[in-house]
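Residues per chain, in single letters:
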2 protein chains.
Amino acid sequence: MINSAIKGMLTENQEKFLIPAAVVANVLESNNLYHAFLVLTKIKYAKIVVLNNDGKYRGLLSLPMITEQMFETESIDVEKLKSIKVADVMQTDAPTIADPYDVEQDLHLLTDQPFLPVVAENGDFTGIVTRRELFKAINHLVHDMDEEYDIISKDSKMITERE
Amino acid sequence: MINSAIKGMLTENQEKFLIPAAVVANVLESNNLYHAFLVLTKIKYAKIVVLNNDGKYRGLLSLPMITEQMFETESIDVEKLKSIKVADVMQTDAPTIADPYDVEQDLHLLTDQPFLPVVAENGDFTGIVTRRELFKAINHLVHDMDEEYDIISKDSKMITERE
């Protein structure tokens, strides 16, 4: 549980938590890795969302997941990527969320994930929640909380001051 | 400025903020990109620290910085990576910090960076501060602050409760 004052400040601009699907780059699970390699090199993201043809969320794909397929015993084979599908190597066990505005869940899961795919009940990919947007909310909280609240130690009953 | 109570809670376990250099993977600026490509594929990090032969911090290198060098007009050329040095393509303008325990600066810079290289005054690479460790401190703050402090609205003088 999060204290209601803290929760209120963290979620003041919560509409910014969701980066909508329309502006999030993706690849299709039916794409081959050669195509995905071009996309990930160009957009420079560490990880990208994988969808199916109906816009349903299927998993995540990173550049290392692709490049490790290129290694043969003695050489690196780029052509091999054309015969492997995104679905064959993508990560399918990454946590997803239904509600981008559940800040407690966001903070918990983003400890170990760079971003969280938001997936509707019917499987539709809605967008992502990133560490970046949560850091903005956190900076607001830690910088401005004592403008709106007195913060009093339960031991000393002293009001704390800005340093 | 951050309120002293908030700062105190965020920095309670601050010794964990610094991941020491000894356990952080790196490549040398004199390495060729073929070597760096193998390293980054194997460790699966999005970005890696670049050092010189004396252990001084020089920059950051990501897998897309390498793979974009492989693209020719009509094909992908892996062999080309053997003739390019890490120093030729690394990022040199990423922010670095001197003090890993300055939580205000950490929270500010980590909004836009996945991690912060810690660099001593003499240029020695000391380690990194990651978003992951700061998220742990933030989760402690938002979950436990009202066990140690009363948080009272300046308007209503009401003590807020856990939801």
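Residues numbered from 1 in each chain as written. Chains lettered and ligands numbered in written order. Predicted model: local features only at pLDDT ≥ 70, side-chain atom pairs only at ≥ 80, totals over all residues. Heavy atoms only, no water.

The name an unreviewed UniProt entry assigns to chain A is CBS domain-containing protein, from the organism Paucilactobacillus suebicus DSM 5007 = KCTC 3549.

## Some remarks on the overall build of chain A
When you go through chain A residue by residue, the secondary structure sums to six helices and seven strands. What you see in chain A, going N to C, is helices and strands ordered as α-β-β-α-β-β-α-α-α-β-β-α-β. On C-alpha atoms alone, chain A measures out to a radius of gyration of 21 Å, which is more than a quarter above the 15 Å that the 2.2 N^0.38 rule sets for 163 residues. With the C-alpha coordinates of chain A rotated into their principal frame, the extents come out at 70 × 40 × 25 Å. When each of the 163 residues of chain A is scored for burial, the buried share is 52%. Taking as baseline every contact in chain A between residues at least 6 positions apart, the subset at least 24 positions apart corresponds to 55%. When the accessible surface of chain A is totalled, it reaches about 7,700 Å², and 48% of it is carbon and sulfur. (Helix = DSSP H or I, 4+ residues; strand = E, 2+ residues; numbered from the N terminus. Rg over C-alpha atoms; globule rule 2.2 N^0.38 Å. Buried < 20%, exposed > 50% of the residue type's maximum accessible area, 1.4 Å probe, protein only. Contact = heavy atoms within 4.5 Å. Areas by Shrake-Rupley, 256 points an atom, 1.4 Å probe, with all protein chains shown as cover.)

## Digging into the interface of chain B and chain A
Where the parts come together, the accessible area they lose is often given as the size of the interface. Taken together, the 54 residues of chain B in the interface contact 54 residues of chain A. For the pair chain B and chain A, the summed buried surface comes to about 5,200 Å²; carbon and sulfur atoms form 63% of the total. Taken together, the connections running from chain B to chain A amount to six salt bridges. The salt bridge involving Lys 44 of chain A is made with Glu 68 of chain B; its shortest N-O contact spans 3.0 Å. At the junction of chain B and chain A, the tally comes to 20 residue pairs in polar contact (both at pLDDT 80 or more). Elements that contribute at least two residues to the side of chain B that touches chain A include exactly α1 (4-10), α2 (33-43), α3 (63-67), α5 (103-109), α6 (131-148) and β7 (149-153) of chain B. When residues of the side of chain B that touches chain A are assigned to their parent elements, the largest contribution, 14 residues, is made by α6 of chain B. Taken together, the residues of the side of chain B that touches chain A sort by class into 27 nonpolar, ten polar and 17 charged. The pairing of strand β7 (residues 149-153) of chain A with β7 of chain B spans five bridges and is antiparallel. (Buried area = accessible area lost by both parts, 1.4 Å probe. Salt bridge = Lys/Arg side-chain N within 4 Å of Asp/Glu carboxyl O. Polar contact = N/O pair within 3.5 Å; in protein donor to acceptor, adjacent residues only side chain to side chain. Nonpolar A, V, L, I, M, F, W, Y, C, P; charged D, E, K, R; others polar. Pairing = 2+ DSSP bridges.)

## A word on the pattern of salt bridges
Residue and element names in this part refer to chain B. Considering all chains together, one arrives at 18 salt bridges over all chains under this definition. Measuring nitrogen to oxygen at the nearest pair gives 3.3 Å for the salt bridge that ties Lys 136 to Glu 133. Remark: Glu 133 and Lys 136 occur in helix α6; sequence separation between them is three residues, near one turn of the helix. In this structure Glu 133 comes out as buried when scored by relative accessible area, which is 9%.

## Some details on the nonpolar core
One finds Met 145 of chain A together with Met 145 of chain B to be the most contacted residues of the largest nonpolar core, which totals 48 residues. Counting residues in hydrophobic clusters, the runner-up holds 42 residues, among them Val 39 of chain A together with Val 39, Ile 48 and Val 50 of chain B. (Core = buried A, V, L, I, M, F, W, Y, C linked by side-chain atoms within 4.5 Å.)

## Quick word on the relation of the copies chain B and chain A
Superposition of chain B onto chain A requires a rotation of 180° combined with a translation of 0.0 Å along the rotation axis, giving an RMSD of 0.0 Å. Those values place the two copies in the arrangement expected of a two-fold rotation axis. Both copies share a contact surface, since 100% of the interface residues of chain B are interface residues in chain A too. (Least-squares fit on C-alpha atoms with pLDDT ≥ 70 in both.)

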